[in-house]
Amino acid sequence: MSTTAARRRPSAYRRRNAFLRQLRIWSGVATCVLFLLPIAWMVLTSLKQQRDIFTTPPTLFFTPTLETYINYLFNYDLPARMLNTVIVAGGASFISIVVGSMAGYALARIKLRGATTIGVIILLSRGVPPIALAVPMFLVARAMGLLDHHITLILAYCTFLIPYVMWLMRGFFKALPDELEEAAKIDGCSRFGAFFRIIVPISLPGLLSTLIFSIILAWEELLFALVLTNRAASTVPVVISGIAGDTVNGANWGALTAVGTMTVIPVVIFALLVQKWLIQGLADGATKG
Amino acid sequence: MSTTVLGTRTGTRRIPSRRVSRLTDLAARWGFVTPAAILLIATLAYPIGYTLYISFAAINLGTFSPDEWVGWDNYLTVFEDDRFWDSLWVTFVYLVFALPLQMFLGFLSAFLINADWKGRGVVRAAFIIPMVIAPVIAGGIWRMLLDPLWGIANYLLGIVGLGPIEWLADPFWAMFTIILIDTWRWTPFITLIASAALLSLPRDVFEAAAIDGANWWTTLWRVAMPLLVPVIAATFVVRWLGAVKMFDIALAATHGGPGRATSVVNLFIYEEAFRSLKFAESAAMSLIVLVITMVLTAIFLRGTRMLEERN
């Protein structure tokens with residue numbers, strides 16, 4: 001009945017629907033392009049010579065050159081800074097995912113006195129302004145001679161990564177079926193055995209996406225890096241903020257865009273490679289939290 | 001049969017050591033939380049305690065350590081400092097405009113990119129890219145785009161006969177710029193969450209609504225909204241937790257300027273602490289911010305719970 005009714009609908013209606021569909025698709029594409037334009041302009045500017053950057057009107061046609069890249073690759077110690085960023089982001093994310101997922105598991109699936117209270121405290125602690133931690137950390141690290149060391153920055157990043165991982169993984173673990181631990185217990189597993197042999201393997205997608213987000217969060221962190229490092233352990237965002245905030249030499253757009261592009265490329269490649277888990281993680285983070 | 005055998009066996013083995021095994025079990029249970037607890041006490045609780053301590057002290061700039069108890073003096077200084085209240089106001093304005101704008105644009109663009117066609121995967125993947133650009137880079141690029149002399153934004157506006165706009169030199173436009181950059185950087189994040197949430201909506205409910213002859217407005221408000229409320233609330237809380245700490249975009253794009261027009265509270269405290277070396281006052285200010293943030297976060301969480309339970 002209803003299908004024949006639908007088929008008999010006037011063709012104007014169907015044409016309107018097809019038009020709306022096309023409109024929706026192409027507005028989506030346009031939105032996407034709009035969001036990518038600033039990045040495209042950054043990459044374009046990074047390939048310009050100094051005299052092509054400062055033209056009125058801004059030009060699209062120029063002879064591309066890698067001059068700026070070669071000039072600035074070593075001017076800002078970029079390889080060393082990138083290595084620092086990798087060490088710090090990797091170290092902090094690794095510690096946080098191990099420690100945070102264990103704690104998240106306990107909060108989700110083990111009867112602990114005060115688990116709810118702890119859960120609320122953790123979530124609230126995600127709202128602690130980093131500046132409230134940066135000041136004492138700077139003073140204490142200075143007194144202990146720990147400024148400009150990787151480990152200091154790693155520990156500083158744990159302050160926001162551990163609560164983050166705990167919260168996300170708590171959601172994941174809660175959504176698992178109840179019988180898993182009982183089965184593990186019958187098979188003679190201890191609590192730790194059950195966690196590492198059964199829970200972790202089946203939660204691998206969740207763990208992976210949480211790990212990816214932790215790495216990205218640590219990779220782009222600026223405040224702690226500015227405060228706790230100055231040269232030996234300083235990270236990429238510190239370099240960028242130095243270039244962007246350089247009021248003495250004025251706007252060095254060549255440096256900004258070249259360094260920006262160089263540091264963005266690895267993250268973009270990484271993110272596109274793991275996009276499946278990234279999108280899944282975003283979806284779960286919103287619905288399972 | 002076999003169960004009784006098993007039962008007696010474990011039974012006889014357990015009786016003498018029941019207390020021990022209960023203790024090991026207790027240790028194992030708490031063993032899961034202990035590492036996180038130790039790390040968080042050392043890196044989170046201790047620094048907050050230290051902040052509280054120095055907020056009541058004077059810092060000796062020779063040794064960078066607190067050397068004198070001054071009671072509430074730092075708090076009184078801060079309460080009388082208009083610049084601090086201004087920075088709280090700036091943060092408030094930024095949050096009030098940026099958060100709803102990003103939520104709206106995020107869900108709208110999610111609806112658009114969810115259209116079912118062969119390019120959907122590519123469009124979605126492209127939305128990941130702005131999301132992984134470090135905010136400090138975003139601030140830098142946008143400063144370049146909005147440059148009054150050489151920037152492309154004013155050139156494009158000029159073509160259609162608008163502007164030039166003093167994006168970064170005028171207090172109003174500088175705040176607009178900060179909100180714009182933040183929205184550019186964070187909307188894709190919301191888009192991707194919303195896109196997944198919209199795709200997971202049950203189809204039959206919408207088919208039922210269509211058969212009942214509901215128009216799109218009714219469908220949106222009466223069918224889609226109630227189903228989406230938990231996701232919207234959760235996304236809002238996540239975004240709030242990020243936005244309230246915003247610092248890097250303001251630092252890179254405007255450095256709080258012109259004047260202090262875009263000096264969000266985190267940037268202001270940072271400058272006070274590490275440029276003016278007023279550590280004690282900064283500690284007092286950051287604790288005030290901490291309390292405000294905590295209270296608001298608690299309220300939002302409470303609201304989220306209530307919205308979820310209502311459904």
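Cut-offs applied
- As a convention, each chain's residues are numbered from 1 in the sequence order in which they are written.
- Lettering for chains starts from A, numbering for ligands starts from 1, and both go in the order in which the items are written.
- With pLDDT at 70 or above as the cut-off, local features in this predicted model cover only qualifying residues; side-chain atom pairs require 80 or more to be listed or tallied, and sums for whole chains, interfaces and linings still use all residues.
- The helix and strand labels rest on DSSP assignments: H or I over at least four residues marks a helix, E over at least two residues marks a strand, and numbering proceeds from the N terminus.
- Think of it as a crowd count around each C-beta: if 20 or more other C-beta atoms lie within 10 Å the residue is buried, if 12 or fewer it is exposed, and in between it is partly exposed, with C-beta placed from the backbone throughout.
- Structural elements are reduced to axes, namely lines fitted to C-alpha atoms, with helices fitted over the stretch in contact, and the angle between N-to-C directions of any two is expressed from 0 to 180 degrees.
- By the definition used in this description, the sense in which the near helix is turned from the far one sets the handedness, with an anticlockwise turn below a right angle giving left-handed and a clockwise turn giving right-handed.
- When residues are grouped by polarity, Ala, Val, Leu, Ile, Met, Phe, Trp, Tyr, Cys and Pro land in nonpolar, Asp, Glu, Lys and Arg in charged, and all others, Gly among them, in polar.
- Think of it this way: build a C-beta for each residue from its backbone, and any pair within 7 Å is a contact.
- Domains are outlined according to an automatic or database domain assignment.
- pLDDT is a residue-level measure of predictor confidence that goes from 0 to 100.

Within chain A, the secondary structure is distributed over 15 helices and zero strands. For the C-alpha atoms alone, the extent of chain A along its principal axes is close to 80 × 75 × 30 Å. Burial analysis of chain A (289 residues in total) assigns 46% to the buried set.

Moving on, we come to the environment of Leu76(B). Residue and element names in this part refer to chain B. With respect to the helices and strands, Leu76 occurs in helix H4 (residues 73–79). Taking the number of C-beta atoms within 10 Å as the measure of exposure, Leu76 has 12 and is therefore exposed. Separated by 36 residues in sequence, Leu76 and Leu40 have C-alpha atoms that sit 31 Å apart.

A word on the packing of helix H5 (residues 78–109) of chain A against helix H8 (residues 150–174) of chain A. Residues and elements named next belong to chain A. Following both chains from N to C, one finds H5 and H8 inclined at 35 degrees, their axes separated by 6 Å at the closest point. Pair H5 / H8 crosses with right-handed handedness. Here the contact of H5 with H8 is composed, by residue class, of 20 nonpolar, eight polar and three charged.

Here we come to the interface of chain B and chain A. Listed as interface residues are 81 residues of chain B and, on the opposing side, 82 residues of chain A. Per-element accounting of the side of chain B that touches chain A gives the leading share, 12 residues, to helix H14 (residues 279–310) of chain B. Taken together, the residues that form the side of chain B that touches chain A break down as 62 nonpolar, 13 polar and six charged.

Here we come to helix H7 (residues 135–145) of chain B. H7(B) sits mainly inside the fold: 11 of its 11 residues count as buried. If you check which residues of H7(B) are buried, you get Pro135(B), Val136(B), Ile137(B), Ala138(B), Gly139(B), Gly140(B), Ile141(B), Trp142(B), Arg143(B), Met144(B) and Leu145(B). Looking at the buried residues of H7(B), the elements they touch are helix H2 (11–46), helix H13 (236–244) and helix H14 (253–273) of chain A together with helix H8 (152–159), helix H9 (171–199) and helix H12 (248–253) of chain B.

Residue and element names in this part refer to chain B. Each assigned domain of chain B is listed here: domain 1 (2–73) and domain 2 (76–310). Centre-to-centre separation of domain 1 and domain 2, based on C-alpha positions: 36 Å. Across the contact, 10 residues belong to domain 1 and nine residues belong to domain 2. Put simply, the parts of the chain that give the side of domain 1 that touches domain 2 at least two residues each are helix H3 (34–54) and strand S1 (57–60). Residue classes in the side of domain 1 that touches domain 2 are distributed as seven nonpolar, two polar and one charged.

The next subject is the confidence of the model for chain A. Residues and elements named next belong to chain A. Taken as a whole, chain A shows an average pLDDT of 83; of its residues, 93% reach a score of 70 or greater. The least confident element of chain A is helix H1 (residues 2–7), whose mean pLDDT is 49; the most confident is helix H12 (residues 223–228), at 92. Ignoring residues within four places in sequence, the model shows residues 1–5, a span with pLDDT below 50, making zero contacts including any to other chains.

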